[in-house]
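Observations on the three-dimensional arrangement
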Amino acid sequence: MGLEIGIVGLPNVGKSTLFNAITKAGAQAANYPFCTIEPNVGVVDVPDHRLPVLGKMFKSGRIVPTAVKFIDIAGIVKGASKGEGLGNKFLANIREVDAIAHVVRCFVDENVTHVHGNVDPLRDIEIINLELILADMETVDKRYDRIAKAARSGIKEAQIEYGLLSRIKEALDAGKPARTVQPQNEDEARVMKDLHLISAKPVMYVANVSEADVANPFAVEAVRQVRELAESEHNEVVPVSAQIEAELAEMGDEEREVFLADLGVTESGLDRVIKSGYHLLNLMSFLTAGEMESRAWTIRRGTKAPQAAGEIHSDLERGFIRAEIVSFDDLVAYGSMAAAREAGKVRLEGKEYIMQDGDVVHFRHNV
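What comes next is a walk through the structure. In this text, all values refer to a predicted model and were calculated from it rather than measured experimentally. Along every chain, residues carry numbers that run from 1 in the direction the sequence is written. A pLDDT threshold of at least 70 governs which residues receive local features in this predicted model, and a stricter bar of 80 or more applies before side-chain atom pairs are shown or counted, although totals over entire chains, interfaces and linings include all residues. Side-chain measures here rest on the full set of heavy atoms in the structure, leaving out hydrogens and waters.

Looking only at helices and strands, one finds 14 helices and twelve strands in the protein chain. Note on exposure labels: buried denotes an accessible area under 20% of the residue type's maximum, exposed denotes more than 50%, and partly exposed covers the range between, all computed with a 1.4 Å probe on protein chains only. For the protein chain, buried positions account for 48% of its 367 residues. In what follows, a contact means two residues having at least one pair of non-hydrogen atoms within 4.5 Å. Counting contacts in the protein chain only where the partners sit at least 6 residues apart, residues at least 24 apart contribute 68% of the total. The accessible surface values rely on the Shrake-Rupley method and a 1.4 Å probe; as for residues, cover is taken only from the protein chains in view. For the protein chain, the accessible surface area stands at approximately 17,900 Å², while carbon and sulfur atoms represent 49% of it. Every helix listed is a DSSP run of H or I at least four residues long, and every strand listed is a run of E at least two residues long, numbered separately from the N terminus.

Here it is as structure tokens:
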């Protein structure tokens, strides 16, 4: 499965600058609202230190990391749900993503205008969240009226949906996002997924800070405010300097490491955003390795072996026999697959095996 993250925020908070930096896709970044007319899409590799090790061990012809798709949505303004600015068109672009990266400006720069005149991250967050909730209210209200009649007629599926919609409607009317409503069973979970509600998606707040604050971002009052809000919502906050990320994007690997060390940080904002996305969505990676390629595959934690095999190809899931598995750490410790097998570290697992992060696997199948 791929990971898709939608980047949202008010105009001029650094969304497109961040997008350009982490994807090197060249999205237009200008100091005025609505410069992003269509959603920009970029795909970036997920850093994984394990792949080069496997590539060397297996003399792989290529290294294939898993990837994250970033979708940069035009700046949302107050009234977007009712058509203000560029309106609903861009809210629709968020409905298909897995998670939302909500970029919030936490720096003061008189050369970069703010659509509301001053930097106030909690106000900015409230504006965006309200527009997402209002857009969802329109979706829910239309479906609610239609399903109520079917529910009253005794159709079981309609009654299940009506019960969930009633709780969601109550939350939205109270100004709470749809993610505060938890499905009570698998049927409701399926309905929730089918609704594609924007405010149901997990959120990370990306606090855009100045270069001077990147080494100690939580010393900044604005960032602390965002963190407190994120913790109250059980969301995450990732401090990032979009300007620094733009500079890092132009550097080679060695130069980048030196630059980060000089700043007093150990990893780029991109790495932190990706880690946050994986944590929000409960994702992990398993690995395959051979002469042709060494590759990472993204799955949800708790995925069983046959379904993991299906991420590679549906035939592998359909014809699954067993999985030959060794942990990456054990494989590295013993130096080769043969040595790990001789030491009893290579296991044969069946259909009920739950995959673990860093499993190096070969699936046996009969199709």
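Continuing now.
Attention shifts here to the side chain of Asp48. With respect to the helices and strands, Asp48 occurs in the loop between β2 (40-45) and α2 (50-58). Taking relative accessible area as the criterion, Asp48 reaches 15% and is therefore assigned buried. Identification of polar contacts relies on pairs of N or O atoms within 3.5 Å, with a donor-acceptor requirement for protein atoms, meaning one able to donate a hydrogen and the other able to accept it, and with residues adjacent in sequence counted only if both atoms are side-chain atoms. Of the polar contacts made by the side chain of Asp48, one reaches the side chain of Arg50; its length is 2.9 Å. Look past the residues within four positions of Asp48 in its chain and what remains in contact with it is Leu287 and Ala296.

The next point concerns the pattern of salt bridges. Each salt bridge in this description consists of a side-chain nitrogen of Lys or Arg and a carboxyl oxygen of Asp or Glu lying within 4 Å of one another. Under the criterion given, the structure shown has 22 salt bridges. Note that Asp72 is salt-bridged to Lys15, the shortest N-O span being 3.2 Å. Placement of the pair is Asp72 in strand β4 (residues 67-72) and Lys15 in helix α1 (residues 15-23), with a sequence separation of 57 residues. With relative accessibility at 5%, the residue Lys15 sits in the buried group. In this structure, the salt-bridge partner of Arg167 is Glu188, at a minimum N-O distance of 2.9 Å. With Arg167 in helix α5 (residues 156-173) and Glu188 in helix α6 (residues 186-195), the pair connects residues that are 21 residues apart, well separated along the chain.

What follows deals with empty space enclosed by the protein. In this approach the atoms are scanned with a rolling probe the size of a water molecule, which exposes any empty space left behind. A pocket here means an open set of points on a 1 Å grid, computed over the protein atoms alone, that has protein on both sides within 12 Å along at least five of seven lines. A cavity is instead a set of points where a 1.4 Å probe fits but cannot get out; residues with an atom within 4 Å of a point line either one. Grid points are joined across faces, edges and corners, and a volume is the space filled by probe spheres set on the points. One pass over the structure, following the stated rule, counts three cavities of 30 Å³ or more. Listing elements by their share of the lining of the largest cavity, those giving two or more residues are α8 (242-248), α9 (253-263) and α10 (269-280). Here the lining of the largest cavity gets three residues from one element, more than from any other, and that element is α8. Here the residues of the lining of the largest cavity are counted per class, giving six nonpolar, three polar and three charged. Side-chain classes are defined by residue name, with Ala, Val, Leu, Ile, Met, Phe, Trp, Tyr, Cys and Pro counting as nonpolar, Asp, Glu, Lys and Arg as charged, and the others, Gly among them, as polar.

With that settled, consider α2. Turning to α2, its buried residues number three or more, namely Arg50, Leu51, Leu54 and Gly55. Axial view of α2: buried residues confined to an arc of 135°, hence all on one face. In the stretch just after α2, Lys59 is the one whose phi turns positive, near 55°. Note that the arc is computed from the directions linking the helix axis to the C-beta atoms.

Here the focus is the packing of aromatic side chains. Two aromatic rings, drawn from Phe, Tyr or Trp (for Trp, its six-membered ring), form a pair once their centres lie within 6.5 Å of each other, and the interplanar angle then sorts them: stacked below 30 degrees, edge-to-face above 60, tilted otherwise. Scanning the entire structure with this criterion turns up four aromatic pairs. For the pair Phe286 and Trp297, a centre-to-centre distance of 6.4 Å together with 15° between the ring planes defines the contact as stacked. Of this pair, Phe286 sits in strand β8 (residues 283-289) while Trp297 sits in strand β9 (residues 293-300); the two residues are eleven residues apart in sequence, bridging distant segments of the chain. Comparing Phe286 with Trp297, the two get one shared label, buried. Taken together through their ring pairs, the aromatic side chains of Phe286, Trp297, Phe320 and Phe363 make up a single cluster. In this scheme, the term charge over a ring applies when either NZ of a lysine or CZ of an arginine sits within 6 Å of the ring centre and within 35 degrees of the ring normal. The ring of Tyr144 carries Lys169 above its face, with NZ or CZ at 5.7 Å from the centroid.

Right, let's talk about the packing of helix α4 (residues 121-152) against α5 for a bit. In the contact formed by α4 and α5, the axes pass within 9 Å of each other and the chain directions differ by 150°. Considering the relative orientation of α4 and α5, their crossing is left-handed. The segment α4 lies against α5, with Ile133, Asp136, Met137, Val140, Asp141, Arg143, Tyr144, Ile147, Ala148, Ala150 and Ala151 engaging Ala158, Gln159, Glu161, Tyr162, Leu165, Ser166, Ile168, Lys169, Leu172 and Asp173. Per-class residue counts for the contact of α4 with α5 are 13 nonpolar, two polar and six charged. Where helices are involved, their axes are fitted lines through C-alpha atoms of the stretch in contact, as for all axes, and angles between N-to-C directions lie from 0 to 180°. Two helices cross in a left-handed way if the nearer one is turned anticlockwise from the farther one by less than a right angle. They cross in a right-handed way if the turn is clockwise.

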